[in-house]
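Reading the structure
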Amino acid sequence: MDDFDVIVIGGGAAGLSAGLMLARARVPVLVVDAGAPRNAPAGEVHGLFGRDGTPPADLLARGRDEVRRYGGRIVSGTVTDAHPDGDDFAVTVDGDRRFTARRIVVATGLVDDVPDLPGLRERWGAEVVHCPFCHGWEVRDTAIGVLALNPRAMHQALLFHQWSPDVTLFVNGQPGLAEEAAERGIPVVEGVAEAVELRDGRVAGIRLVNGDVHPVETVVIGPRSRIVAPFLQGLGLAPVEHPSGIGEYLPTDAQGRTGVPGVWAAGNVTDPSAQVGGAAAAAALVAGQLAMEFALEKVARLRTPTGAPE
């Protein structure tokens, strides 16, 4: 079967949550999973009620099993094209597999652009973090260096004080941060970072271009996030800059509808700051709205006399 009521593009927390809710609602649903979740570098998922500490891969494997249990279909691959096809939508996976659906849910998530600074990528998701609610407990009471990539660094420096009294802001060439940090009593290191020093495979400090090395055990960054979904153009959609300045997102209304009728979106693609639980909850809301749409259509057909115009 290659025709569905809903195709969910994305097999992370949001996509699988939408797939599970729709499958349980007896809606024929396909989830297309490219296999590249945003939180893959993290060792564990945190802050998710009932599943705190679960490795991301284990959580997704469980989610895929749940979708299949209720009759939902999952295919591995990357959506290379999606566009309207009459009253429906046509979706192509890996350039040669074609599926159709009455509705589309975009749940592709985001990609974090970690700067190409030695040491950052190696420890991203371990001692190099961005979200205190995801990793704060694990780095509590360590010496934290907030490496400014944008003005959001001030927000991070303030927030991480909840987890450690030893927080230093590395200005890294960002204008105005040193003065603001001084007014708030936050220690500052000026100058531009050249590398994150590693010792025994773990973060040991931040080295500046002048050669100075400042010892830290945790590095906090705020990387720019972007949407990697070229198929959006075929649907008449395009990412826009998020009002917070943290990267791209896909605007929707409160229920998850995009500006294109029949195309919905949920998860990090619409809310870059959403954690796993928030992304899954948003997708469940979208799935519920879609189930209601299909139920109303079914009732309307049942009330229409045979042969009478609808």
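Please refer to the structure higher up on the page.
Residues numbered from 1 in each chain as written. Predicted model: local features only at pLDDT ≥ 70, side-chain atom pairs only at ≥ 80, totals over all residues. Heavy atoms only, no water.

1. Topic: the pattern of salt bridges
What counts is decided by this rule: Counted as salt bridges are all cases of a side-chain nitrogen of Lys or Arg within 4 Å of a carboxyl oxygen of Asp or Glu. Only DSSP runs of H or I covering at least 4 residues are called helices, and only runs of E covering at least 2 are called strands; the numbering of each starts at the N terminus. Three exposure classes are used, based on accessible area relative to the maximum for each residue type with a 1.4 Å probe and protein chains only: buried under 20%, partly exposed in between, and exposed over 50%.
Tallied over the entire structure, the rule returns 19 salt bridges. Two residues, Arg68 and Asp65, come together in a salt bridge whose shortest N-O distance is 3.9 Å. Linking Arg68 with Asp65, this pair stays in helix α2 (residues 56–69), spanning three residues, or about one helical turn. Assessed through its relative accessible area of 43%, Arg68 is described here as partly exposed. A network of salt bridges, in which partner residues are shared, links Asp5, Arg102, Arg103, Glu293 and Glu297.

2. Quick word on the sheet that holds strand β8 (residues 128–129)
Rule in force here: Any two strands with at least two DSSP-identified bridges between them are counted as paired.
Taken in spatial order, the five strands of this open sheet run β8-β15-β9-β10-β11, and their pairing is parallel. Pairing within the sheet leaves two strands with one partner each, and these edge strands are β8 and β11 (188–189). Here strand β10 (residues 167–170) pairs with β11 via two bridges, running parallel. Following the sheet pairing, Leu169 is matched in β11 by Val188.

3. So, the pairing of strand β9 (residues 144–147)
Our working definition: Whether a crossover is right-handed comes down to one check: with the strands pointing away from the viewer, does the path from the first strand over the helix to the second run clockwise; if it does, it is right-handed.
Here β9 shows no split at all, with Ile144 and Val146 on one side and Gly145 and Leu147 on the other all buried. Here β9 pairs with β10 via four bridges, running parallel. If you follow Gly145 over to β10, its bridge partner there is Thr168. The parallel pair β9 and β10 is bridged by helix α4 (residues 153–159), and the resulting crossover is right-handed.

4. Points about unusual backbone geometry
With a phi angle near 55°, Asp94 is a residue other than glycine that sits in the positive phi range. With respect to the helices and strands, Asp94 occurs in the loop between β5 (88–93) and β6 (97–106).

Scope: geometric values only; no functional claims are made or implied.
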